[in-house]
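Residues per chain, in single letters:
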Amino acid sequence: MRLYDKLINIIEGMKGSTTNDSISGDLVAELTLISTLLMLGIVVRHVSIFLSIVILLGLLLILITNLPLMPKLKKEQEDSLGQMLYYVLVTLGVLFAAVYWGGNFV
Amino acid sequence: MNELIPLMVIFPIAAALLINLFGFKSTFVKYISIIVAFIIPIIPLASNFGLHYFGGHAPLESSLSGILYHTAITYSFTAFEQLFIFILGILGFFVVLIYVNSYKKASGPYLFLLFMGIAAVSALILSDDIFHMFVFFEIAAIVQVGIVAASTIKDRYEIALKYMIVGSIGSPIILLGIAFLLAIFGNVNITDIVNMINAGFPAASSPVFFASLALIFFGWLYTAGLPPFHTAKSGIYSGAEPQGAALLQAFSVITMVSILIAMVRIFSGLEIFNVILVAFSLLAMILSITMALVQTDFKRMIAFLAVGELGFIGLGMGIGTELSMTAGLFQAVNEMVITALLFIGFGAIAVVCKTTDINKLGGLISDYPKTAIMVLIGGFAMAGVPPLNGFQSKLMLVQSALNAGYPEFAIIIVLISIATFVVFVKVFYLMFLKTKPKALEVSGEKIPKSTIITLAVFLIICITLGLFPSIATDTISGFVGGLL
Amino acid sequence: MIMDLQLASLLTCGFLMIIGMFAAIFIDNVIKKVIGIAFIEEGVNLFIVTIGYKAGGVVPIILPEMDPSWFASNAAYPLPFGLVLTSIVIGASTLAIMLALIMILYKKYGTLSAKELLKDRSKEAVADE
């Protein structure tokens, strides 16, 4: 598929955006998200350059296959209590595991 | 006068109780609360720096190790605390002024909540005792819920209950972390704990110490509203009345900063602490800004921006150099003022137009030119446009990230600032510059004078801090020097 | 004694917290969620009490006939008991506020299901207009 068609599909995929202003907001959000995520991938170079390359390639693959990201991300951050509690629990588990078992490896 | 140190907490509490008691006498409550709100920022200016031991119990020296043990709850008051409590007092005064002016009948319980919150966060930043901090942090959390439940927004009870249930997972966890510290050190005084760690206390490298870091850090995420709590926290801001939201975000900033400083003092020896601090701060910045960009409710947009800006503070503290920590704390001071300005300015528009949906607004610059210009400059300050205060702190952050050898963080800071600017320009365009939709009926209601004066004063603070950042940074860097 | 008393109460508070977490997150009824939250709080309180426990210790009140050095080595640690009192009071007040909010919401919607009460209402508002 040509790049242009793909871009059009991406914009059409952003449901809920109906006006020019909201489309531009969504696009900026999308670009900010992609660029900052890639930057975060580069931050890993302080740990290991090889790991950073692997993460960046993986990230690129995920980003390209999942565009547009923003509607999905927005859906994950809804205002419903169930979703909030789910992420709170997941974060607690990940944080505790990372600090408790990974604390000595930093 | 060291006796004034506990008064910074006791005076607002006593005033709050008095105002609640006479809640039925509206005019009396109005006058009293204005006077009280005027006195609160004066107390930190009049007080001397120093320590206050509650009950007069001075520290005891251990005959075995020679370490000083603090037996009383200790308040430590330095120029740093003075700066924060003074700015909080100024915000409190103007919030009370707006509230008293814009409602015919002043509600005693609502003013009780405002003063109680001021007392709680003052205690948080003064306290040197981590359990004491927990107590006041819980009081602050209840006050936040109360301020939301007392508003006139449609879904306020739902928002309040959601925040409360989510918070009820967070606050026992932070208590458990404090209990772990108590189990390791037998003590809850931060200075004592730090002294014991420096004296080579063996348990300071045990897994239990790591566990307490994880638990307290999780509780801190809840206090600050960083992910995964950012949706609940931004809901709280958008669920409160505008002037209430302005004070709520100041509460969040001070709570966050004081618990963060306690964590930095206790856990800075563990390198994982800086890693998770930076990771969650970056996550907060990215998620909140992207969420702010896709909102249609402008109060929620500002709320998400307010949460995202907290990430800058955490990032500055996480990089861990003296310059970056100064920048982070300076950002905290700036953010309190700027976000309050934005909440009050946009909130005034929401009140007169009776909607918060951005697509239903437009062309308001002809109706409210003064507010529009002041809000515009406030938005510039938040996005980091020179010569305003946001520019100074963000520039310092970028410099410190570069000096510390993390250019990636500098790039992310710049990217997020640009996105903040986009959010702001979008809101401003849709609200003030776009052609007015036919359905929008501006009732011709004027924005109260108290609101305009408040905005002007906050702007003056922003510009002063922007032109002369050394007013704040000298104090802060002195404090950070003592911290490292 | 089959098990050390301190270990037993530590296990109990672990159980209480896990049960509370489960209830707060997976049970739909809001009141049951709040009961789960109370379980978490009580688990933490029990943990703090357990820290101060000393096998065979005495109550930490010094009486005139007691020898100070004997007292120092035999009394339980009093600080956790002082702290836990405060934390119980805080727990009770947060519980009261949550229940009050639930009462208001129940009168408004006539249901106690968290999925109904506390879902994302921003979309609903758009659909109404």
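Residues numbered from 1 in each chain as written. Chains lettered and ligands numbered in written order. Predicted model: local features only at pLDDT ≥ 70, side-chain atom pairs only at ≥ 80, totals over all residues. Heavy atoms only, no water.

Student: So what about the overall build of chain C? Which residues, and what values?
Tutor: Along its length, chain C carries six helices and zero strands. Tracing chain C from N to C terminus, the helices and strands come up as α-α-α-α-α-α. At 22 Å, chain C has a C-alpha radius of gyration far larger than the 14 Å of a compact globule built from 129 residues. Its C-alpha atoms put chain C at 80 × 35 × 20 Å along the principal axes. For chain C, with 129 residues in total, the buried portion stands at 34%. Across chain C, the fraction of contacts at a sequence separation of at least 24, relative to all contacts at a separation of at least 6, is 57%. Counting every atom, chain C has about 7,500 Å² of accessible surface; 73% of that belongs to carbon and sulfur. Here chain C holds 9 positive side-chain charges and 11 negative ones, and the gap between their average locations is 10 Å. (Helix = DSSP H or I, 4+ residues; strand = E, 2+ residues; numbered from the N terminus. Rg over C-alpha atoms; globule rule 2.2 N^0.38 Å. Buried < 20%, exposed > 50% of the residue type's maximum accessible area, 1.4 Å probe, protein only. Contact = heavy atoms within 4.5 Å. Areas by Shrake-Rupley, 256 points an atom, 1.4 Å probe, with all protein chains shown as cover. Lys, Arg positive; Asp, Glu negative; His and termini not counted. Charge placed at Lys NZ, Arg CZ, Asp CG, Glu CD.)

Student: So, the packing of aromatic side chains: which residues are in play, and what are the values?
Tutor: All names here are of chain B. All chains considered together, the criterion is met by 33 aromatic pairs over all chains. Between the aromatic rings of Phe134 and Phe137, the centroid separation amounts to 6.0 Å while the plane-to-plane angle is 55°, which identifies the pairing as tilted. With a gap of three residues between them, Phe134 and Phe137 both fall in helix 6 (residues 130-149), about one helical turn apart. Its relative accessible area of 5% is what places Phe134 among the buried residues. Ring plane angle 55° and centroid distance 5.9 Å describe the contact between Phe298 and Phe346, whose orientation is recorded as tilted. Pair noted here: Phe298 is in helix 13 (residues 298-319) and Phe346 is in helix 14 (residues 322-353), with a separation of 48 residues, a long-range link. Each residue in the set Phe131, Phe134, Phe137, Tyr163, Phe218, Tyr222 and Phe229 is aromatic and connected to the rest through ring pairs, giving one cluster. Stacked on the ring of Phe312, the Lys or Arg Lys394 has its end atom at 4.6 Å from the ring centre. (Phe/Tyr/Trp six-rings, centres within 6.5 Å; stacked < 30°, edge-to-face > 60°. Lys NZ or Arg CZ within 6 Å of the ring centre and 35° of its normal.)

Student: Explain the interface of chain B and chain C to me, and be specific about the residues and the numbers.
Tutor: Contact with chain B, which involves 30 residues of that partner, is made by 35 residues of chain C. Interface of chain B and chain C: buried area, both sides summed, is about 2,800 Å²; carbon and sulfur atoms make up 83% of it. When residues of chain B are sorted by the area they lose upon contact with chain C, Tyr157, Glu158 and Leu161 of chain B head the list and together hold 19% of the total. Here chain B is connected to chain C by one salt bridge. For Glu158 of chain B, the salt bridge goes to Lys108 of chain C, with nearest N and O atoms at 3.4 Å. The tally of links between chain B and chain C comes to three residue pairs in polar contact (both at pLDDT 80 or more). No other element matches the 17 residues that helix 7 (residues 156-185) of chain B contributes to the side of chain B that touches chain C. Its residues placed into classes, the side of chain B that touches chain C shows 21 nonpolar, three polar and six charged. (Buried area = accessible area lost by both parts, 1.4 Å probe. Salt bridge = Lys/Arg side-chain N within 4 Å of Asp/Glu carboxyl O. Polar contact = N/O pair within 3.5 Å; in protein donor to acceptor, adjacent residues only side chain to side chain. Nonpolar A, V, L, I, M, F, W, Y, C, P; charged D, E, K, R; others polar.)

Student: Go over the nonpolar core, please, and point to the residues and values.
Tutor: Phe217, Trp220, Phe267 and Phe346 of chain B are the most contacted members of the largest nonpolar core, which has 251 residues in total. In this structure, this core is formed jointly by two domains, domain 1 (1-268) and domain 2 (270-484) of chain B, each of which donates at least three residues. Residue contacts for Phe217 of chain B: discarding those within four places in its chain leaves Leu95 of chain A together with Met263, Phe273, Ile276, Leu277 and Phe280 of chain B. (Core = buried A, V, L, I, M, F, W, Y, C linked by side-chain atoms within 4.5 Å. Domains from an automatic or database assignment.)

Student: So what's going on with a nonpolar patch on the surface? Which residues, and what values?
Tutor: All names here are of chain C. On the surface, a nonpolar cluster with roughly 840 Å² of combined accessible area is contributed by Met3, Leu7, Leu10, Leu11, Phe15, Ile19, Ile31, Ile35, Phe39 and Leu99. Contributions of two or more residues to the nonpolar patch are made by helix 1 (5-26) and helix 2 (30-51). As for its position among the elements, Met3 is in the segment before helix 1. (Patch = residues over 30% accessible without salt bridge, like charges linked within 9 Å, V, L, I, M, F, W, Y side chains within 5 Å.)

Student: Describe in detail the interface of chain A and chain B, supporting the description with residues and values.
Tutor: Taken together, the contacts link 39 residues of chain A with 48 residues of chain B. Carbon and sulfur atoms make up 79% of the area that chain A and chain B hide from each other, which totals about 3,800 Å². The interface formed by chain A and chain B holds six residue pairs in polar contact (both at pLDDT 80 or more) in total. Of all the secondary-structure elements, those providing two or more residues to the side of chain A that touches chain B are helix 2 (20-43), helix 4 (70-76) and helix 5 (81-102) of chain A. Its residues assigned to classes, the side of chain A that touches chain B comprises 21 nonpolar, 12 polar and six charged.

Student: Could you give an account of helix 3 (residues 49-66) of chain A, naming the residues involved and the relevant values?
Tutor: Residue and element names in this part refer to chain A. Over its 18 residues, helix 3 extends 25 Å from the first C-alpha to the last, a length consistent with the 26 Å expected when each residue adds 1.5 Å. Among all positions of helix 3, only Ser52, Leu59 and Leu63 are buried. For helix 3, the arc enclosing every buried residue in end-on projection is 30°, short of the 170-degree limit, so these residues lie on one face. Away from its buried face, by an angle of more than 90 degrees, helix 3 presents the exposed residues Phe50, Leu57, Leu61 and Thr65. (Expected span 1.5 Å × (residues − 1). Arc of directions from axis to C-beta.)

Student: Any details on the environment of Ser9 of chain C? Residues and values, ideally.
Tutor: Residues and elements named next belong to chain C. Looking at the element boundaries, Ser9 is found in helix 1. Along the sequence, Ser9 and Trp70 sit 61 residues apart, while their C-alpha atoms lie 27 Å from each other. Residues contacting Ser9, with those up to four places away along its chain left out, are Leu46 and Thr50.

Student: How would you sum up the packing of helix 1 (residues 4-21) of chain B against helix 5 (residues 108-126) of chain B? Please name residues and give values.
Tutor: Residues and elements named next belong to chain B. Where helix 1 meets helix 5, the closest approach of the two axes is 8 Å, and the angle between their N-to-C directions is 165°. In terms of their interaxial angle, helix 1 and helix 5 are classed as roughly antiparallel. Classified by chirality, the crossing of helix 5 by helix 1 is left-handed. Of helix 5, the residues touching helix 1 (which contributes Ile5, Met8, Val9, Pro12, Ile13, Ala16, Leu17, Ile19 and Asn20) are Gly108, Pro109, Leu111, Phe112, Phe115, Met116, Ala119, Ser122, Ala123 and Leu126. Looking at the contact of helix 1 with helix 5 residue by residue, the class counts come to 16 nonpolar, three polar and no charged. (Axes fitted to C-alpha atoms, helices over the stretch in contact; angles between N-to-C directions. Parallel < 35°, antiparallel > 145°, perpendicular 65-115°, else oblique. Left-handed = near helix turned anticlockwise from the far one by under 90°.)

Student: Quick rundown of the pattern of salt bridges? Include the residues and the values.
Tutor: The full count for this structure, using the stated rule, is six salt bridges over all chains. Where Arg45 of chain A meets Glu408 of chain B, a salt bridge forms, and the shortest distance between an N and an O atom there is 2.4 Å. In this pair, Arg45 of chain A is assigned in the loop between helix 2 and helix 3 and Glu408 of chain B in helix 17 (residues 407-433), connecting two distinct chains. The shortest N-O distance in the salt bridge between Lys394 of chain B and Glu309 of chain B comes to 3.5 Å. Linking Lys394 of chain B in helix 16 (residues 389-403) with Glu309 of chain B in helix 13, this pair joins segments that are 85 residues apart in sequence.

Student: Please set out unusual backbone geometry residue by residue, giving values where relevant.
Tutor: Residues and elements named next belong to chain B. In the segment running from Pro227 into Pro228, the intervening peptide bond is cis, with an omega of 5°. Here Pro228 is to be found in the loop between helix 9 (207-224) and helix 10 (230-239). In this structure, Pro387 follows Pro386 across a cis peptide bond, with omega equal to 0°. As for its position among the elements, Pro387 is in the loop between helix 15 (369-383) and helix 16. Residue Lys354 is not a glycine yet carries a positive backbone phi of 60°. Within the secondary structure layout, Lys354 lies in the loop between helix 14 and helix 15.

Student: Tell me about the environment of Lys25 of chain B, and name the residues and values.
Tutor: All names here are of chain B. Checked against the element boundaries, Lys25 lands in the loop between helix 1 and helix 2 (26-39). Given the relative accessible area of 43%, Lys25 is considered partly exposed. For the pair Lys25 and Leu45, spaced 20 residues apart in sequence, the C-alpha separation works out to 31 Å.

By themselves these figures say nothing about function.
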